[in-house]
Amino acid sequence: MEQAVPERPYEEPRADIEELHEPVVEKQPEPVIEEEPALNAAEPEPEESPEAEGDGRMKAIDLIAPTRLDFLAEKEAAEEQPVKTAEVIAFANQKGGVAKTTTTLNLAVAFAESGYRVLCIDLDPQGNLTMSQGIDPDKVEKSLYDVLVNDMPISEIIVKREIDIAVASIDLAGAEIAMSTKIGRERSLEKALKEVSGDYDFVCIDTPPSLGLLTINALTAANKVIVPVQCEYLSMRGLVQLQNTLRMIQENLNPDVKIEGILPTMLDSRTIHAKEAIEILEENFGDLVFQSRIKKAIKFAEAPVKGASVLKYDSNSSAANYYRDLAKEVLSHGSA
Ligand SMILES: Nc1ncnc2c1ncn2[C@@H]1O[C@H](COP(=O)(O)OP(=O)(O)O)[C@@H](O)[C@H]1O
Ligand SMILES: [Mg+2]
């Protein structure tokens, strides 16, 4: 009695599996064989067919070709659609006081004004970007330190202000040493960003004034690098050093990263020195130098004290427009 019960269900599925297998084996090779010659023949065929066959009968390729072109057009249209994962821009220059933080925040807010979803990352242990949105880095409980060193999800340290900001704290200063023994230490930020890259159009990373592990993490996670340079104290040697670091990162960690542009900042257009500095920049870096210029304005020093971008602090000021213009220029490069 007990043995007879399991025997029946075992027999039935076996018959089903055999029936299913036969048609699958027969059908698979057919489309594969048809597709290969069709793809190869698609280009030369239209020229040959009118001469070779004048009987008006349509060949298989004529029927297939339009479908294939439609398919290609669809593919091209899909590529033109807005980015689905965030464009990651690192703001880097190992020199301090060149307006990295100012540029990261104000360009990010300019993108947000245009309707883009923006995340800022404060990768500088000094926490200036965090402060410039009115957040005290000393009172932050969870910061990028926890993300980079302890693999905390980055969503847990994002604070919402004018833009979303992944905050820094003072202990970020110890992150480079704490990360130094980690496997894949250069990719910690890149890995962390995967969690949220579908939620934003732009991720803007502020970096410390060095080419250490934190900056390397930023350049490894980035698609593009914007290099602010203060025209008054232009350091060509510093820029060459930065280019060498970037080349090393392209060769070893992130082949796709490239310089989006070099941005002349704190420009005092009245001085001859500043004009000369821009000429030197353009002679050496050509088209890499942005058309946009960020002129000197006291508002850039005032706004962070109020915990605001210049675009919020004085929306109609020309200072605010310098960064709106830069946003337009970056967007016109085909970012989003
Ligand atoms: N266009 C500008 N005109 C005047 N002051 C500026 C301008 N841009 C930035 N600053 C000020 O210069 C100082 C250094 O800028 P910051 O963005 O902190 O540089 P970095 O991040 O490269 O160290 C800050 O006090 C900032 O407010
Ligand atoms: Mg800074």
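In this section: the site of ligand 1. The environment of ligand 1 is formed by 17 residues, the closest being Ala99, Lys100, Thr101, Thr102 and Phe300. Secondary-structure elements contributing two or more residues to the shell around ligand 1 are α5 (100-113) and α13 (299-305). In the shell around ligand 1, the residues fall into nine nonpolar, six polar and two charged.

A residue-level look at the chain finds 75% of positions with pLDDT of 70 or above and a mean pLDDT of 83. The model gives residues 1-54 a pLDDT under 50, and that stretch makes eight contacts with residues more than four places away or in other chains.

Time to look at the pairing of strand β2 (residues 118-122). Among the five residues of β2, five are classified as buried, and the element is accordingly described as predominantly covered. The pairing of β2 with strand β5 (residues 202-206) spans five bridges and is classified as parallel. Bridging across to β5, Ile121 finds its partner in Ile205. As paired elements, β2 and strand β4 (residues 164-166) share three bridges and run parallel to each other. Across the sheet, Cys120 pairs through a bridge with Ile165, a residue of β4.

All right, on to the sheet that holds strand β3 (residues 158-160) then. Strand order across the open sheet formed by seven strands is β3-β4-β2-β5-β1-β6-β7, with mixed pairing between neighbours. Pairing within the sheet leaves two strands with one partner each, and these edge strands are β3 and β7 (258-265). Between one strand and the next, the sheet's axes are offset by a mean angle of 25°, whatever the strand orientation. Of the pairings in the sheet, the one linking strand β1 (residues 87-91) to strand β6 (residues 224-230) comprises three bridges and is parallel in character. Bridging from a neighbouring strand, Ala90 pairs with Val225 of β6.

Attention now goes to the nonpolar core. General note: in soluble globular proteins, nonpolar side chains tend to be found buried as a group. Of all hydrophobic cores here, the largest spans 81 residues; its most connected members are Ala108, Val118 and Ile205. Those residues in contact with Val118 that lie beyond four places of it in its chain are Ala108, Phe111, Ala112, Ile163, Asp164, Tyr200, Asp201, Phe202 and Cys204.

It is worth spelling out the environment of Ala319 at this point. Tracing the chain through its elements places Ala319 in helix α15 (residues 318-332). For Ala319, a count of 22 C-beta atoms within 10 Å translates into the label buried. Sequence spacing of Ala319 and Lys295 is 24 residues, and the spatial spacing of their C-alpha atoms is 7.4 Å. In contact with Ala319, not counting residues within four places along its chain, are Ala297, Lys299, Phe300, Val310 and Asp314.

The next point concerns the pairing of β5. In terms of burial, β5 is a largely internal element, five of the five residues being buried. The side-chain alternation of β5 yields two buried faces, one formed by Phe202, Cys204 and Asp206 and the other by Val203 and Ile205. One ladder, built from five bridges, connects β1 with β5; its direction is parallel. Bridging from a neighbouring strand, Ala90 pairs with Ile205 of β5.

Between its terminal C-alpha atoms helix α12 (residues 272-285) stretches 20 Å, which fits the 20 Å expected from 14 residues at 1.5 Å a residue. Turning to α12, its buried residues number three or more, namely Ala274, Ala277 and Leu281. Projection of α12 onto a plane perpendicular to its axis shows the buried side chains occupying an angular sector of 55°, all on one side. Opposite the buried face of α12, at more than 90 degrees from it, the exposed residues are Ile272, Glu276, Glu279 and Glu283. For α12, the secondary structure elements touched by its buried residues are β6 and β7.

For Glu190, the location among the structural elements is in helix α9 (residues 188-193). Exposure remark for Glu190: the 19 C-beta atoms within 10 Å place this residue in the partly exposed category. With 102 residues separating them along the chain, Glu190 and Val88 place their C-alpha atoms 9.7 Å apart.

In this model α15 runs 21 Å from its N-terminal to its C-terminal C-alpha over 15 residues, within 8% of the 21 Å that 1.5 Å per residue would give. Along α15, the residues classified as buried are Ala319, Ala320, Tyr322, Tyr323, Leu326, Ala327 and Val330. Angular distribution of buried residues about the axis of α15 spans 155°; they occupy a single face of the element. Structural note: α15 exposes Ser318 and Ser332 on the side pointing more than 90 degrees away from its buried face. Among the structural elements, α5, β7, α13 and α14 (310-313) are those in contact with the buried residues of α15.

Geometry of a packed helix pair, given as the angle between the helix axes and the separation of the axes. The N-to-C vectors of α5 and α15 enclose an angle of 70°; their axes lie 9 Å apart at closest approach. The orientation of α5 with respect to α15, classified from their angle, is roughly perpendicular. Both α5 and α15 take part in a crossing whose hand is right-handed. For the pair formed by α5 and α15, the contact residues are Asn106, Leu107, Ala110 and Phe111 on the first element and Tyr323, Arg324, Leu326 and Ala327 on the second. For the contact of α5 with α15, a count of residues per class yields six nonpolar, one polar and one charged.

Reading guide: rules and limits
- Residues numbered from 1 in each chain as written.
- Chains lettered and ligands numbered in written order.
- Predicted model: local features only at pLDDT ≥ 70, side-chain atom pairs only at ≥ 80, totals over all residues.
- Near = placed C-beta within 6 Å.
- Helix = DSSP H or I, 4+ residues; strand = E, 2+ residues; numbered from the N terminus.
- Nonpolar A, V, L, I, M, F, W, Y, C, P; charged D, E, K, R; others polar.
- pLDDT = per-residue confidence, 0-100.
- Contact = placed C-beta atoms within 7 Å.
- Buried ≥ 20, exposed ≤ 12 C-beta atoms within 10 Å, placed from the backbone.
- Pairing = 2+ DSSP bridges.
- Axes fitted to C-alpha atoms, helices over the stretch in contact; angles between N-to-C directions.
- Core = buried A, V, L, I, M, F, W, Y, C linked by C-beta atoms within 7 Å.
- Expected span 1.5 Å × (residues − 1).
- Arc of directions from axis to C-beta.
- Parallel < 35°, antiparallel > 145°, perpendicular 65-115°, else oblique.
- Left-handed = near helix turned anticlockwise from the far one by under 90°.

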